[in-house]
Amino acid sequence: MEDILKIVYDKSLKSKILDLNDIEIILDRLIITKQLNEYISNMKVQQIGSKNLASYSNYTKIITIYSNVINLMINNINKQLISADSLSKNLYKNLSILQVIMHEVEHANQERIIYSDNTLESYILRLSELVADDPELYEFKPEERFAEIKSFNEILTLLNILNKESLKINELIKTDTLQRLLRGYHYKNKIVHSPLITYFE
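Model, not experiment: these values are computed from the prediction.

**Remarks on helix α1 (residues 2–13)**
Here α1 contains 12 residues, and its C-alpha end-to-end distance of 16 Å stays within 8% of the 16 Å for a straight helix at 1.5 Å per residue. Where α1 is concerned, the buried positions are I4, L5, I7, V8, Y9, K11 and S12. Residues of α1 that are buried sit in contact with α2 (20–34), α4 (86–113) and α6 (142–162). Looking one or two residues beyond α1, the residue adopting positive phi is S15, at roughly 60°.

Set out below in structure tokens:
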């Protein structure tokens, strides 16, 4: 993972955003590290086509990145991090793009473990295949929650390797991670409802 961190950090030092070539290199490294050759065949970039940042098709095994939504995310970061120094701001942008890639790679990893592993995670993923797709259940979907939480934990691991406490984004990434952990939990009638239980109910 250090080689991926180097790409992201060096790009941020130069005040540049990860480009398509960088993303392809990062994706190749992730595929090798996670042994996902059979589960990711290609990556493509589309200007329009989704409200999501990216998607993974378990049928075509292609990761699609929606550049217009990525650009919107970058613009929002520019508006939110007004007081941050240049390195922190650029690093946060690049780590956000990396998290999007890692999220989709995790979906491919889910395809790998769903029938080959005998873990609680793989069991939950198998059970979730029995639930009909419903947009209203999106925030509760185990595969989405797992992909978000795992990808943010990987970003936190990279920040620990970087070991630069002076960067203002450390706390921001930790807050982002906590938000993903809490997403799907709702307080109703004096009871906290778990996203996993809500999904399967």
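**Here we look at the nonpolar core**
One finds I40 and L98 to be the most contacted residues of the largest nonpolar core, which totals 42 residues. At the level of elements, α1, α2, β2 (54–56), β3 (62–66), α3 (67–80), α4, α6 and α7 (169–182) are the ones that each hand at least two residues to this core. A per-element tally of this core places α4 first, with 11 residues. Beyond its immediate sequence surroundings of up to four residues, L98 is in contact with I4, V8, I26, I155 and L158.

**Digging into the layout of surface pockets**
Computed from the structure, the largest pocket encloses a volume of approximately 1300 Å³. Taken together, 46 residues form the lining of the largest pocket, with H103, E104, H107, Y138 and E144 sitting closest to its centre. Elements represented by at least two residues in the lining of the largest pocket include exactly β2, α3, α4, α5 (120–128), α6 and α7. The dominant element in the lining of the largest pocket, judged by the number of residues it contributes, is α4, at 10 residues. Classifying every residue of the lining of the largest pocket by side-chain character gives 19 nonpolar, 12 polar and 15 charged. Around the second largest pocket, the lining is made up of 13 residues, and of these L18, I23, I65, S67 and I70 lie nearest the centre. Those elements that provide at least two residues to the lining of the second largest pocket are α2, α3 and α4.

About the criteria used
Residues numbered from 1 in each chain as written. Predicted model: local features only at pLDDT ≥ 70, side-chain atom pairs only at ≥ 80, totals over all residues. Heavy atoms only, no water. Helix = DSSP H or I, 4+ residues; strand = E, 2+ residues; numbered from the N terminus. Expected span 1.5 Å × (residues − 1). Buried < 20%, exposed > 50% of the residue type's maximum accessible area, 1.4 Å probe, protein only. Contact = heavy atoms within 4.5 Å. Core = buried A, V, L, I, M, F, W, Y, C linked by side-chain atoms within 4.5 Å. 1 Å grid on protein atoms, 1.4 Å probe; cavity = no way out; pocket = protein on both sides within 12 Å on 5 of 7 lines; lining within 4 Å. Points joined across faces, edges and corners; volume = space filled by probe spheres on them. Nonpolar A, V, L, I, M, F, W, Y, C, P; charged D, E, K, R; others polar.

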